[in-house]
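These are the residues of each chain, in order.
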Amino acid sequence: MELLNKLTQTDSPSGREKAIRDIIVSEAEKLGFEISYDALGSIIAHRKGAGKKLMLDAHMDEIGIIATYIDDNGFIRFGSVGGLDIKELLKRRVRFENGTIGIIGSEEEAFNEKASVSKLFIDIGAKDKEEAEKRVKTGDTAVFVGDFYCDGDIVISKALDNRAGCYILLKVMEEINDSENDLYFVFSTQEEVGLRGAKTAAFSIMPDYAIAVDVTDTGDTPSCPVMDVKMGKGAAIKVMDRSVMCDITTINVLREIAEKNNIPYQTEIMADGGTDAGAIALTGGGVKAGGVSVPTRYIHSPSEMASIKDINACIELLKYACAYRW
Ligand code: CO
Ligand code: ZN
């Protein structure tokens, strides 16, 4: 889990993916893939083949915040980069690119019905604006602090969304052997702000089939909304989320592969949020797209939790998908 630890603990919010990109590229280069980038910064790792063009995608950005204004007393107002739940932000630590740590505080009325991120601020302990600006400037980004912890089958960290997906893709790249397909592994940017990087990357590839790998919600904690996905019960094969109706051939092929090879799997219909699969599906004249997801609790918090068995099931499933004659 050393690699997953390194991937999750690298700070790279949407639009500021350089740090994570450097790590992924150095891993991908070791595996002999041809690497290119598009203008939005996504990584496209290619292994040529005579078969169908298959694109596997995982977004490499994470949610975060951006400093928008620093007041005279040195408190930093901020905007969200990606979907943040305001109720969960209070007293969290955030880390800026230069290592500065701040605590999220709130005005008194922050938690009434009109709750809004505009009532929150980041406190870096500066005595005034001048001192604050030596450490943080308007436009600087930060991410949650959330240590990596791993015990038995359980892993907890910030940014499992979606470094778990990046880890899965790198493992598939390492372990595939005989595939005739023309394989593209995309590590996309800016998913958390609107599925942006996957769209341009898919346009430059125009694959026959695409599979987006990401985390998904679970329905297995006390009185949570019902959902037929549980942590520890296997790879989640996506059927639908708010951004996509998955291609039926892709769904069926993934199910067939899982059945045939005894890979634990479950069916995912995610009520909230979209994924890169949605953006890829709507690229060019359309792309047949599906998704494989890691069941994850507490998504978009500093303490996302997942099962290593599930992550490994995703790796197995996608290895077979790469070798499959689509
Ligand atoms: Co996310
Ligand atoms: Zn994600």
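Residues numbered from 1 in each chain as written. Chains lettered and ligands numbered in written order. Predicted model: local features only at pLDDT ≥ 70, side-chain atom pairs only at ≥ 80, totals over all residues. Heavy atoms only, no water.

## Section: the pattern of salt bridges
Inspection of every chain in the model, using the stated rule, returns 19 salt bridges. In this structure, the salt-bridge partner of Asp11 is Arg95, at a minimum N-O distance of 2.7 Å. Placement of the pair is Asp11 in the loop between α1 (2-9) and α2 (18-30) and Arg95 in strand β6 (residues 93-96), with a sequence separation of 84 residues. In this structure, Asp22 engages Lys18 in a salt bridge whose closest nitrogen and oxygen atoms are separated by 2.6 Å. Residue Asp22 and its partner Lys18 are located together in helix α2, separated by 4 residues, close to a single helical turn. Residue classification places Asp22 among the partly exposed positions, given a relative accessible area of 40%. If you follow the salt bridges from partner to partner, you end up with Asp11, Glu62, Arg95, Lys158 and Arg163 in one network. (Salt bridge = Lys/Arg side-chain N within 4 Å of Asp/Glu carboxyl O. Helix = DSSP H or I, 4+ residues; strand = E, 2+ residues; numbered from the N terminus. Buried < 20%, exposed > 50% of the residue type's maximum accessible area, 1.4 Å probe, protein only.)

## Looking at the coordination of the cobalt ion (ligand 1)
Summarising the metal site, the cobalt ion (ligand 1) is bound by the protein donors Asp161 (OD), Glu192 (OE), Glu192 (OE) and His300 (NE2), whose distances to it range over 1.8 to 2.6 Å. Separating the cobalt ion (ligand 1) from the zinc ion (ligand 2) is a gap of 3.2 Å, bridged by Asp161, which donates to each. Of the two residues, Asp161 sits in helix α4 (residues 160-175) while Glu192 sits in the loop between β12 (182-188) and α5 (196-205), which places them 31 residues apart along the sequence. By relative accessible area, Asp161 is classed as buried at 5%. (Donors = N, O, S within 2.8 Å, 3.2 Å for Na, K, Ca; no water.)

## Remarks on α1
Along α1, the residues classified as buried are Leu3, Leu4, Leu7 and Thr8. In a view along the axis of α1, the buried residues occupy a sector of 125°, so they form one face of it. In this structure, the buried residues of α1 make contact with α2, β11 (154-157), α4 and α8 (308-323). (Arc of directions from axis to C-beta. Contact = heavy atoms within 4.5 Å.)

## Topic: the nonpolar core
In this structure, Phe185 and Phe187 are the most contacted members of the largest nonpolar core, which totals 73 residues. Ile63, Phe78, Ile104 and Ala126 belong to the second largest nonpolar core, which has 20 residues in total. (Core = buried A, V, L, I, M, F, W, Y, C linked by side-chain atoms within 4.5 Å.)

## Notes on empty space enclosed by the protein
In total, this model carries 1 cavity of 30 Å³ or more according to the counting rule given. Considered as a void within the structure, the largest cavity measures approximately 70 Å³ in volume. In the lining of the largest cavity, the residues fall into 4 nonpolar, 2 polar and 5 charged. (1 Å grid on protein atoms, 1.4 Å probe; cavity = no way out; pocket = protein on both sides within 12 Å on 5 of 7 lines; lining within 4 Å. Points joined across faces, edges and corners; volume = space filled by probe spheres on them. Nonpolar A, V, L, I, M, F, W, Y, C, P; charged D, E, K, R; others polar.)

## Structural notes on the domain arrangement of the protein
For the protein, the assigned domains read domain 1 (2-62 + 158-323) and domain 2 (64-144). The distance between the C-alpha centroids of domain 1 and domain 2 comes to 30 Å. Listed as interface residues are 13 residues of domain 1 and, on the opposing side, 12 residues of domain 2. With both sides pooled, the region where domain 1 packs onto domain 2 buries about 1000 Å², and carbon together with sulfur makes up 56% of that total. The tally of links from domain 1 across to domain 2 stands at 1 salt bridge. For the interface between domain 1 and domain 2, the tally reads 2 residue pairs in polar contact (both at pLDDT 80 or more). (Domains from an automatic or database assignment. Buried area = accessible area lost by both parts, 1.4 Å probe. Polar contact = N/O pair within 3.5 Å; in protein donor to acceptor, adjacent residues only side chain to side chain.)

## So, the packing of aromatic side chains
Counted under the stated rule, the structure contains 4 aromatic pairs. Their ring planes at 75° and their centres at 5.5 Å tell us that Tyr324 and Trp326 sit as a pair that is edge-to-face. Assessed through its relative accessible area of 15%, Trp326 is described here as buried. Linked through ring pairs, Tyr209, Tyr324 and Trp326 together constitute an aromatic cluster. (Phe/Tyr/Trp six-rings, centres within 6.5 Å; stacked < 30°, edge-to-face > 60°.)

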